[in-house]
Amino acid sequence: MTKPTIKNLLLLLLVGSIIFACSEDDDMAGPTGEPAFIIQSTVQTPDGTRTVYFNVLSSLTDEVDIADATEFNSNSRMMVYNGKVYVFDSENVEIIRFSVDENNDLVEEDKLSVVGLGVSGFGSSNAIVSDEHAIAFVQGVRQFVFWNPSTMEITGTLDYPDIIPEAHRAGFNASIDGNGRVFYGFSGFDFATFSNKPGARIIIIDPVAQTAETIFDENIAAGTEGAIDGNGDYYFSADAYFGFGRYLVAENRDTVQTIRRINRGESTFDPSFNMLVSDITDEGYPQLGIGGLRINGDRFITVLTAGTEEEIAANAQAAIFQASLGRKLYVGSTSDWKGTEVPFNDPSKALNVVFPINGELYVVATNSDPSVGGSTDLVNDLYRLTENNTLEKLTSTPGFFENMARIR
């Protein structure tokens, strides 16, 4: 494979980059005052220059105009907690706290720098657990960084456990369970060499004690995504980094995708729960899409790659990245884990990302034509999943749709 092809694959992965920096449906204590939502869009030029846009909207049906957005560069991120917007500015390696005024403008309140730790930027799996305890998922050093969102001070660091490979892929979200523990999944898949270090690797961090527990099982496919249910239990998706660690590495292909559970307060897999992804639907689709699995109370929602093991393996890059086999959306109850397909009839777009926010489920569909890259020609449609399991279109955004949250 040529380097340009690898670069294009990584760009396409950003189309489905779910940047949940909060536990499922718990990014704020509760909305007060006039509604305000924030959407992050990222536009990338062919030379790799990235501009990140944050639009604050009064309604998710409002137009997203990046000319009115607050801009950052590089791989900057954002998340919302208790009515504040926290921007993880990768260009300046700072965490900046903003309030939002009555005109929906971001007003800077405070900031902290992590440059002194040798950090070069931020990943997507940042987590705020309380007013005093948060974790920054940083790049450039093999450490988790603890910080206080109220005082905007660094409170400690924690070295990566040895089970995390040097070449690894991390998840797009950090899940927070009912006890305030933060779950991270790591995969040993390496895009540079198309090799894979097999096995499930989960890091469970207590941000108060600033300690970590680990789970490593070579007999379970690697995974980077997870979800928390209404009981506070964690569900790990052993997806082999969205399928690449299985379909592109022949010796791992027999390790099928499963969903495993870690009960609230536990640090091992529940032996009574070991579910094949293919059991979710009557069609037997074996692979969660880039959108992964989300849970809202006792309701699950997932995007599946619409193909058999053989069809995906025949051209995994196109099937997984470019959605050449199509992607289908399913919802159901965690009582039986049987999914019902949600109708979606726009062949020009592929379903990618699911956001659970304050009791609502939102779904993003993106141009299925990969030739548009990350430019403004890449158009995303945002939908709300109704109580009748239909998709209600709300608004559209340019570039990569990377995150959304409700501020108040």
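Below you will find a few notes about this structure.

Rules used in this analysis
Residues numbered from 1 in each chain as written. Predicted model: local features only at pLDDT ≥ 70, side-chain atom pairs only at ≥ 80, totals over all residues. Heavy atoms only, no water. Helix = DSSP H or I, 4+ residues; strand = E, 2+ residues; numbered from the N terminus. Rg over C-alpha atoms; globule rule 2.2 N^0.38 Å. Buried < 20%, exposed > 50% of the residue type's maximum accessible area, 1.4 Å probe, protein only. Core = buried A, V, L, I, M, F, W, Y, C linked by side-chain atoms within 4.5 Å. Pairing = 2+ DSSP bridges. Axes fitted to C-alpha atoms, helices over the stretch in contact; angles between N-to-C directions. Salt bridge = Lys/Arg side-chain N within 4 Å of Asp/Glu carboxyl O. Contact = heavy atoms within 4.5 Å.

### Describing the overall build of the protein
When helices and strands are counted, the protein shows 4 helices and 30 strands. Taken against the 2.2 N^0.38 rule, which gives 22 Å for 408 residues, the C-alpha radius of gyration of the protein at 20 Å falls within 12% of a compact globule. Along the three orthogonal principal directions, the C-alpha set of the protein runs to about 55 × 45 × 45 Å. Looking at the 408 residues of the protein, the share that counts as buried comes to 60%.

### Examining the nonpolar core
When a protein is soluble and globular, its nonpolar side chains tend to lie buried together. Within the largest apolar cluster, 18 residues are counted, with the highest numbers of intra-cluster contacts made by Y86, I95, F122 and W147. For this core, the elements supplying multiple residues, two or more each, are β4 (77-81), β5 (84-89), β10 (134-139) and β11 (143-148). The element best represented in this core is β10, accounting for 3 residues. The next biggest cluster of nonpolar side chains, apart from the first, holds 17 residues, and it includes A127, Y160, I176 and Y184.

### What about the sheet that holds strand β19 (residues 234-238)?
One open sheet accounts for 4 strands, arranged β18-β19-β20-β21; its pairing is antiparallel. The strands lining the two open edges of the sheet, one partner per strand, are β18 (225-228) and β21 (274-276). The mean inter-strand angle of the sheet, taken between neighbouring strand axes irrespective of direction, is 25°.

### Examining the pattern of salt bridges
In the structure shown here, the tally under the stated rule is 14 salt bridges. Close ionic contact of R181 with D177 constitutes a salt bridge, the shortest N to O distance being 2.9 Å. For the pair R181 and D177, one class covers both residues: buried. The partner of E225 in a salt bridge is R294, and the shortest N-O contact between them spans 3.0 Å. Pair noted here: E225 is in strand β18 and R294 is in strand β22 (residues 288-296), with a separation of 69 residues, a long-range link. Residue class for E225 comes out buried when judged on its relative accessible area of 1%. The class of R294 is buried, set by a relative accessible area of 0%. Ionic contacts of the salt-bridge type, sharing partners, join the residues K84, R97 and E109 into one network.

### Structural notes on the sheet that holds strand β30 (residues 400-406)
Pairing between sheet strands relies on hydrogen bonds along the backbone, with the strands arranged either parallel or antiparallel. Read across the sheet, 4 strands follow the order β3-β2-β1-β30 without closing on themselves; strand pairing throughout is antiparallel. Every other strand in the sheet has two partners, leaving β3 (70-73) and β30 as the edge strands with one partner each. Put simply, the sheet's adjacent strands are angled 20° from each other on average, direction ignored. Where strand β2 (residues 50-57) and β3 come together, 4 bridges link them in antiparallel fashion. Note that in β3 the partner of Y53 across the bridge is E71.

### Describing the side chain of T305
With respect to the helices and strands, T305 occurs in strand β23 (residues 299-305). For T305, the contacting residues outside a window of four places in its chain are Y285, Q287, L288, G289, I312, A319 and G326.

### Observations regarding the environment of L351
Tracing the backbone through its elements, the reader meets L351 in strand β26 (residues 349-357). You can call L351 buried: its relative accessible area is 2%. In the structure, L351 is positioned 172 residues away from N179 in sequence and 32 Å away in space, judged by C-alpha atoms. Those residues within four positions of L351 in sequence are excluded, and the remaining contacts are V303, R327, K328, L329, F344, V363, V364, A365 and L391.

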